[in-house]
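Summary of structural features
The residues making up each chain are set out below.
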Amino acid sequence: MAQITFEDLSLSFRVRKGGKIGWKDFIVQGLRGKGQDDDWLTVNPLRNINLSITRGERVGILGNNGAGKSTMLKVLAGIYPPTVGKRTIEGTISSLFDLSLGFEYDATGWENIRYRGFLQGETPKSIEAKIDDIAEFTELGEFLDMPLRYYSAGMVVRLGFAIATSAMPEIFIVDEVLSAGDAAFQEKAKKRMNKMMDTASLVVLVSHDMSLLGEFCTRVLWMDKGRIKEDGPAKKVIAQYLEESRQQQAA
Amino acid sequence: MTKAIAATSDYFTQIWQMRYFWLSLVIKDLRTRYRGSVIGMGWSLLHPIAMTAVFCLVYTTLFDVSLIEYAPFVLSGMTLWGFFMTVTHEASQTFLISQAYLRQNPAPLAIYPLRTTLCGSFHFLLAMLVLFVYTWVVQGFGNLTAFGYLLSSLVLLFVIGWSMACCCGILNVLFQDTQHLLQVFMQMMFYCSPVFYYPEMVEKRGMGWLVDINPFAACMELIRAPVLRSEAPEIQSVLFAGGFALVLLCTATCLLARYQRRLIFHL
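Residues numbered from 1 in each chain as written. Chains lettered and ligands numbered in written order. Predicted model: local features only at pLDDT ≥ 70, side-chain atom pairs only at ≥ 80, totals over all residues. Heavy atoms only, no water.

**Considerations on the domain arrangement of chain A**
Residues and elements named next belong to chain A. Segmentation of chain A into domains returns domain 1 (3-92 + 169-250) and domain 2 (103-167). Between the C-alpha centres of domain 1 and domain 2 there is a distance of 25 Å. Listed as interface residues are 13 residues of domain 1 and, on the opposing side, 13 residues of domain 2. Of all residues in domain 1, Phe-185, Lys-188 and Arg-192 bury the most surface against domain 2, accounting for 52% of the area lost on that side. For the pair domain 1 and domain 2, the number of links is two salt bridges. For the side of domain 1 that touches domain 2, the element with the highest residue contribution is helix 6 (residues 183-198), accounting for six residues. (Domains from an automatic or database assignment. Contact = heavy atoms within 4.5 Å. Buried area = accessible area lost by both parts, 1.4 Å probe. Salt bridge = Lys/Arg side-chain N within 4 Å of Asp/Glu carboxyl O. Helix = DSSP H or I, 4+ residues; strand = E, 2+ residues; numbered from the N terminus.)

So, in structure tokens, the structure goes:
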């Protein structure tokens, strides 16, 4: 059964101010001993998150840039390990993040369907059974014979969405990419996600598109500076967020 | 202890489950390398064969050795050296070129060095085939009796290669100048290893220790004994190469365990 639980979850990591270190600096710093901490900056993108999402919920995440929305999705998908706290996931996950991720831009659309499918755990047999459906959903036709480097962002999102949802995952995670697709595609994507909800799914969606969040989501999390500021029914939280944005602009 | 064994076995199970993914990337890498080249797969043979030709031209006169014996000796050395360059210098880029996948899916890190090692192994085996054909034409099929030794050597070399690739890949993500330093180090090791000179030559001049303490020299013996001399490799070379493999394997395991979940923060 699809279920996501975060208990007192925080994420922090250190970033070196001057970029990556070389062996020479590393050895010199090692000999010097003290004074190295000044070179590092600790980032805390998520702080004390308590969250429980269960089967059938469609959760949207909104917030300003840098609020921790995308990081939250990466922790959900298991890409970032939590520094403190507990993350429990039950169910198969499929995700669609930044469009540059998980694709080989020199390879054709057909080849990328296979690579991405294999990355999601498909076998040659299972992917062959789905490949025509995936291709049909993308509506890319003969463009699938071309390397991805010639695709527009909208075409890549069609391909990525079609592959990521082809497995009918129990948990589907989408970052702010759907808006790259045209109106017809967005409608199609919403239909596909609605269909997924029929089969005991759970969708978590990050977006700046309030109408998409309002239409599709039942629950919305408002993230601010790494914390959940509000968590409640979609329409209510969206209205609060928009109101605060208006007040900030007015000020 | 039991926990560590269970975790290792679980890790290998995950690697095996992802086999279609990394195998498809290996095939893609090989295809990309040969795409557009007129002589196709032979392209990967060009470097070791061309270098062998140059060494033969210069050193058969300088060392006063027979071309028929020297040519397969250098070719075996160059072939193995090509593999070592792949699993060190080239493998140091492995996580950087695969970061689009690392940021998309929490798959075991070891599959990316495996991708580079398998590509290197393919080129290595292709050149070995040329070496075999040469020895069959010149010396007959005698070395087929030592094929079992060669197979064990190849397994050991694969462990060394994969472990090296894991270490170099992780270290290059952590320290940006690793690849450059590796290039310098490997160039130094090239001249310190019996790639194009016979080990006896340095031994005669009292420099035998250079070969004795060099694990790359032991690896060369693992290949040369069965293929060129149709015999089992010297026991001390096997033990040395085995120890080298063990040290590398332990280092790679420690680095993978430490950075499996944290490498993403350094990319």
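Read on for the rest.
**Details of the nonpolar core**
Ranked by size, the top nonpolar core spans 107 residues in total, and within it A:Phe6, A:Met72, A:Leu159, A:Phe161, A:Leu178 and B:Phe21 carry the most contacts. In terms of residue count, the dominant contributor to this core is helix 5 (residues 153-166) of chain A (eight residues). With sequence-adjacent residues up to four places away left out, A:Leu178 is seen in contact with A:Val157, A:Phe161, A:Phe185, A:Gln186, A:Ala189, A:Met193, A:Leu205 and A:Leu212. B:Trp81, B:Met186, B:Met189 and B:Leu228 belong to the second-largest nonpolar core, a separate cluster that totals 48 residues. (Core = buried A, V, L, I, M, F, W, Y, C linked by side-chain atoms within 4.5 Å. Buried < 20%, exposed > 50% of the residue type's maximum accessible area, 1.4 Å probe, protein only.)

**Digging into the pattern of salt bridges**
Residues and elements named next belong to chain A. Enumeration over the complete set of coordinates arrives at 18 salt bridges over all chains. With its nearest N and O atoms 3.4 Å apart, the salt bridge here joins Arg-158 to Glu-139. Pair noted here: Arg-158 is in helix 5 and Glu-139 is in the loop between helix 4 (124-138) and helix 5, with a separation of 19 residues, a long-range link. Arg-158 sits in the buried class, given a relative accessible area of 10%. In this structure, Arg-158 and Asp-182 form a salt bridge, with 3.2 Å as the shortest nitrogen-oxygen distance. With Arg-158 in helix 5 and Asp-182 in the loop between strand 6 (171-174) and helix 6, this residue pair connects regions lying 24 residues apart in the sequence.

**Re the interface of chain A and chain B**
Of the residues lining the interface, 32 residues belong to chain A; the matching set on chain B comes to 30 residues. Together chain A and chain B conceal approximately 2,800 Å² of surface at their shared face, both sides included; 63% is due to carbon and sulfur atoms. When residues of chain A are sorted by the area they lose upon contact with chain B, A:Lys20, A:Trp23 and A:Leu119 head the list and together hold 27% of the total. At the surface where chain A touches chain B, the tally comes to two salt bridges. Residue A:Glu111 is joined to B:Arg31 by a salt bridge in which the shortest nitrogen-to-oxygen separation is 3.0 Å.

**Regarding helix 9 (residues 178-192) of chain B**
Along its 15 residues, helix 9 of chain B runs 20 Å from first to last C-alpha, staying within 8% of the 21 Å computed at 1.5 Å per residue. Three or more residues of helix 9 of chain B are buried, namely B:Thr178, B:Gln179, B:Leu182, B:Met186, B:Met189 and B:Phe190. Looking down the long axis of helix 9 of chain B, one finds its buried residues gathered within 110° of arc, a one-sided arrangement. Exposed residues on helix 9 of chain B whose side chains face more than 90 degrees from its buried face are B:His180, B:Gln187 and B:Met188. Contacts made by the buried residues of helix 9 of chain B are with helix 1 (23-32) of chain A together with helix 3 (43-63), helix 4 (67-90), helix 8 (147-174) and helix 12 (215-228) of chain B. (Expected span 1.5 Å × (residues − 1). Arc of directions from axis to C-beta.)

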